[in-house]
Amino acid sequence: MYVTTTVEETRQLIKGWKKEGKTVGLVPTMGFLHEGHASLIRRCRQENDIVVVSDFVNPTQFGPNEDLEAYPRDFKRDSDLCESLGTDVIFHPEPKDMYCDPHAYVSIDTLSETLCGKTRPIHFKGVCTVVSKLFNIVAPDRAYFGQKDAQQLAIIRKMVQDLNFDIEIVGCPIIREEDGLAKSSRNTYLNPEERKAALCLSKAVKAGQEMISTGMEAEEVLAKMRAIIGAEPLARIDYVSMVDALTMQPVDKVEKDVLTAMAVYIGKTRLIDNFIYEV
Ligand code: PAF
């Protein structure tokens, strides 16, 4: 497995493989890898000749009062896991290798203005910028993203369409702990009491899925989900919303495929979870 840190060495390696006609898959990550990332890497391994994992805590997607400095990092553990999963290259740049000052941004506005984009106004601009850069550096045939970040996945699909990137975007299912909590690098912030309290998210998801499948109205489903989370004293709701699964715009009727998504603070930790209901 190669560990690269600069744009140029990463490009040269991949160009060589592309000349031999090999297909390339990319798994973009911010490191501190868990079973959710492992599932993306395994899928990428199955579907491509070459597997590239990027491991970069991207500063442009963090707001001024967010957890950029505290974001968990453990490159040795990440690279051991990647190697065990048959990764060919980990691209692990420093911010100075990725950004000059000032630099260009990419943004996909309308989809970025609801859900997480309301609370984190610059977040998706940073995500679209770094993902575009990674797409231009790696030039993958396919790129793999988790459904846990459902709004991110929808925005990246739209970006690829709007900006004509010739890349297949593969969305992969949410991976959960045995008790239902969606896997996330931020789960490590939770103390034991908060870890228990965090189960209110997956409980609300499960209840929401059941209610929506009985044909219950959107507002009633959301009210009951909010009540489940509200019953947990350590939880503070950022949002629990239902949006069109493609446009990310709010819906009050379940007529097309809908995304029901939530962000909830457990103590100081902001967690997200969601489900899609296909009509
Ligand atoms: O989902 C993530 O971990 C990040 O948002 C991504 C896609 C790697 C961009 O930094």
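Above this note sits the structure.
In this numbering scheme, every chain counts its residues from 1 along its sequence in written order. Two thresholds apply to this predicted model, a pLDDT of at least 70 for residue-level local features and 80 or more for giving and counting side-chain atom pairs, whereas whole-chain, interface and lining totals are computed over all residues. For the side-chain quantities, the full set of heavy atoms in the structure was used; hydrogens and water were omitted.

**Here we look at the pattern of salt bridges**
The cut-off we apply is this: Any carboxyl oxygen of Asp or Glu within 4 Å of a side-chain nitrogen of Lys or Arg constitutes a salt bridge here. Helix numbering and strand numbering both begin at the N terminus, where a helix is a DSSP run of H or I of at least 4 residues and a strand a DSSP run of E of at least 2. The classification of residues rests on relative accessible area computed with a 1.4 Å probe and restricted to protein chains. Under 20% of the type maximum is buried, over 50% is exposed, and intermediate values are partly exposed.
If you walk through the whole model with that rule in mind, you get 19 salt bridges. A salt bridge links Arg270 to Asp238; its shortest N-O distance comes to 3.0 Å. Remark: Asp238 occurs in strand β7 (residues 235-244) and Arg270 occurs in strand β9 (residues 269-277); sequence separation between them is 32 residues. Residue Asp238 is classed as partly exposed on the basis of its relative accessible area of 25%.

**Let's talk about the packing of helix α1 (residues 7-19) against helix α6 (residues 123-138)**
The condition that has to hold: Interaxial angle, 0 to 180 degrees, is taken between N-to-C directions of lines fitted to C-alpha atoms, where a helix line uses only the stretch in contact. Reported orientations rely on four angle classes, namely roughly parallel under 35 degrees, roughly antiparallel over 145, roughly perpendicular from 65 to 115, and oblique for the rest. We call two residues in contact whenever any of their non-hydrogen atoms come within 4.5 Å of each other. Following the grouping adopted for this structure description, the nonpolar residues are Ala, Val, Leu, Ile, Met, Phe, Trp, Tyr, Cys and Pro, the charged ones are Asp, Glu, Lys and Arg, and the polar ones are all others, Gly among them.
Two elements in contact, α1 and α6, have axes whose closest approach is 8 Å; the angle formed by their N-to-C orientations is 45°. With respect to their mutual orientation, α1 and α6 come out oblique. For the pair α1 and α6, contact is made by Val7, Thr10, Arg11 and Ile14 and by Asn136, Ile137 and Val138, respectively. Partitioned by chemical class, the residues of the contact of α1 with α6 number four nonpolar, two polar and one charged.

**Some words on the site of the ligand**
What counts, and what does not: Any residue with a non-hydrogen atom lying within 4 Å of a molecule or strand is treated as near it. N or O atoms closer than or at 3.5 Å make up a polar contact, with two conditions inside protein: a donor-capable atom paired with an acceptor-capable one, and, for residues adjacent in sequence, both atoms drawn from side chains.
Near the ligand you find Pro28, Thr29, Met30, Asn58, Gln61, Val127, Val130, Phe145, Asp149 and Gln152, and these make up its full shell. At 2.6 Å, a side-chain N or O of Gln61 approaches an oxygen atom of the ligand. The side chain of Gln152 places a nitrogen or oxygen atom 2.7 Å from an oxygen atom of the ligand. For the shell around the ligand, the elements supplying multiple residues, two or more each, are β2 (24-29) and α6. Here the shell around the ligand is built from residues that sort into five nonpolar, four polar and one charged.

**Observations regarding the side chain of Thr260**
As for its position among the elements, Thr260 is in strand β8 (residues 258-266). When its relative accessible area of 0% is taken as the criterion, Thr260 is described as buried. Setting aside anything within four residues of it in sequence, one finds Thr260 in contact with Ile212, Leu222, Met225, Ser241, Met242, Asp273, Asn274 and Phe275.

**Some words on helix α2 (residues 35-47)**
Note the cut-off: Take the number of residues in a helix, subtract one, and multiply by 1.5 Å to get its expected span.
The terminal C-alpha atoms of α2, which comprises 13 residues, lie 18 Å apart, in line with the 18 Å expected from a rise of 1.5 Å per residue. All of the buried residues in α2 are Gly36, His37, Ala38, Ser39, Leu40, Ile41 and Cys44. Close packing links the buried residues of α2 with β2, β3 (50-55), α3 (75-84), β5 (142-146) and β6 (168-172).

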